[in-house]
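Residue-level structure breakdown
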Amino acid sequence: NAGVMQNPRHLVRRRGQEARLRCSPMKGHSHVYWYRQLPEEGLKFMVYLQKENIIDESGMPKERFSAEFPKEGPSILRIQQVVRGDSAAYFCASSLKRGETQYFGPGTRLLVL
Amino acid sequence: AQSVTQLGSHVSVSEGALVLLRCNYSSSVPPYLFWYVQYPNQGLQLLLKYTSAATLVKGINGFEAEFKKSETSFHLTKPSAHMSDAAEYFCAVSEANTGNQFYFGTGTSLTVIP
């Protein structure tokens, strides 16, 4: 049973470009969560999605960031017009049910030059 | 609201010595509690979890943790450290059955000295 998949594992962007991060949850999981980890810090919640719906986006910056989880295909975290402060590791997690154990992917490490 | 405090951002132990990583939480509702381990440049791997069953929880790699409601603690222990235990450890809390997110501590970096 494959775990949570994320790609790319590493992404380099110049300031002003767009970054697209993809996450495929574990088989059978319909709940997806995105977290951001800055250097020397813990993970900070960004957004929680269930198929085709955003349930909680209280941790998402108000501008430039968006997320989706379409009926078919992976969840996408999109960052428009990236700035250097967006450089971080972005982790996706999935769970079978709301509130239950979250299983994490290997992360995407974004570097903005 | 939930929050997690991990005392000691860096812990060093000798190989074979007891490992104790501290985690205190605050939660206005019954919590679920988790410990994850992160190796360099990798994702988080679940070590163990407390979900309102037995208060002493056993996890992988010989780790265990005890939920103490009176102390709002969920400390992680291992009787004998191994070199391969060197990693970053994160404690997390969520609302039982209803939580939209996990709240993570800032992590404890464990160094094992040969």
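Up top is the structure these notes are about.
Quick summary incoming for the structure in this document. Owing to the predicted nature of the structure, the values given are computational and were not obtained by experimental measurement.

Next up on the list: the overall build of chain A. Tallying secondary structure elements over chain A gives zero helices and eleven strands in all. Moving toward the C terminus, one meets the helices and strands of chain A in the order β-β-β-β-β-β-β-β-β-β-β. The C-alpha atoms of chain A give a radius of gyration of 13 Å, which matches the 13 Å a tight globule of 113 residues would have. Dimensions of chain A, computed from C-alpha atoms along their principal axes, come out at roughly 35 × 25 × 25 Å. Evaluated residue by residue, chain A yields a buried proportion of 46% over its 113 residues. In chain A, the proportion of contacts linking residues at least 24 apart, taken out of those at least 6 apart, comes to 53%. Carbon and sulfur atoms make up 46% of the accessible area of chain A, which totals about 5800 Å². In chain A, which carries 18 positive and 11 negative side-chain charges, the distance between the mean positions of the two groups comes to 5 Å.

The next point concerns the environment of Thr72 of chain B. Residue and element names in this part refer to chain B. Following the sequence through the fold, Thr72 ends up in the loop between β8 (64–68) and β9 (73–78). When the C-alpha positions of Thr72 and Val13 are compared, they lie 25 Å apart, and in sequence the two are 59 residues distant. Setting aside anything within four residues of it in sequence, one finds Thr72 in contact with Cys23, Asn24 and Tyr25.

Turning our eyes to something else, we now look at the side chain of Ser109 of chain B. Counting through the fold element by element, Ser109 of chain B comes out in strand β12 (residues 108–113). Looking at Ser109 of chain B, the relative accessible area reads 19%, which means it is buried.

Time to look at the layout of surface pockets. If you add up the space inside the largest pocket, you get close to 480 Å³. If you trace the largest pocket, you find 21 residues lining it, with Gln37 and Glu40 of chain A together with Gln38, Glu88 and Phe90 of chain B closest to the centre. Looking at the lining of the largest pocket, the elements that each hand over two or more residues are β9 (88–95) of chain A together with β10 (87–95) of chain B. For the lining of the largest pocket, the element with the most residues is β10 of chain B, which contributes three residues. Split into classes, the residues belonging to the lining of the largest pocket amount to eight nonpolar, nine polar and four charged.

What follows covers unusual backbone geometry. Following Asn7 of chain A, the chain continues into Pro8 of chain A via a peptide bond in cis, with omega recorded as -5 degrees. Relative to the helices and strands, Pro8 of chain A is located in the loop between β1 (5–7) and β2 (10–13).

Structurally, a disulfide amounts to a covalent bond that connects the sulfur atoms of two cysteines. Residues and elements named next belong to chain A. Scanning all chains against the criterion turns up two disulfides over all chains. One disulfide bridge connects Cys23 with Cys92, the sulfur atoms lying 1.7 Å from each other. In this structure, the disulfide formed by Cys23 and Cys92 twists by about -50 degrees around the S-S bond and is classed as left-handed. You can see Cys23 sitting in strand β3 (residues 19–24) and its partner Cys92 sitting in strand β9, a full 69 residues away along the chain. Comparing Cys23 with Cys92, the two get one shared label, buried.

It is worth spelling out the sheet that holds β1 of chain A at this point. Residue and element names in this part refer to chain A. The antiparallel open sheet is built from four strands, whose spatial order is β1-β3-β8-β7. The open sheet has two free edges, formed respectively by β1 and β7 (65–68), since each of these has just one partner strand. Geometrically, the sheet is characterised by an average inter-axis angle of 15 degrees between neighbouring strands, direction not taken into account. Strand direction decides the pairing type here: β7 and strand β8 (residues 75–79), joined by four bridges, are antiparallel. Counted as the bridge partner of Ala67 is Leu77 from β8.

About the criteria used
Residues numbered from 1 in each chain as written. Chains lettered and ligands numbered in written order. Predicted model: local features only at pLDDT ≥ 70, side-chain atom pairs only at ≥ 80, totals over all residues. Heavy atoms only, no water. Helix = DSSP H or I, 4+ residues; strand = E, 2+ residues; numbered from the N terminus. Rg over C-alpha atoms; globule rule 2.2 N^0.38 Å. Buried < 20%, exposed > 50% of the residue type's maximum accessible area, 1.4 Å probe, protein only. Contact = heavy atoms within 4.5 Å. Areas by Shrake-Rupley, 256 points an atom, 1.4 Å probe, with all protein chains shown as cover. Lys, Arg positive; Asp, Glu negative; His and termini not counted. Charge placed at Lys NZ, Arg CZ, Asp CG, Glu CD. 1 Å grid on protein atoms, 1.4 Å probe; cavity = no way out; pocket = protein on both sides within 12 Å on 5 of 7 lines; lining within 4 Å. Points joined across faces, edges and corners; volume = space filled by probe spheres on them. Nonpolar A, V, L, I, M, F, W, Y, C, P; charged D, E, K, R; others polar. Disulfide = S-S within 2.5 Å. Pairing = 2+ DSSP bridges. Axes fitted to C-alpha atoms, helices over the stretch in contact; angles between N-to-C directions.

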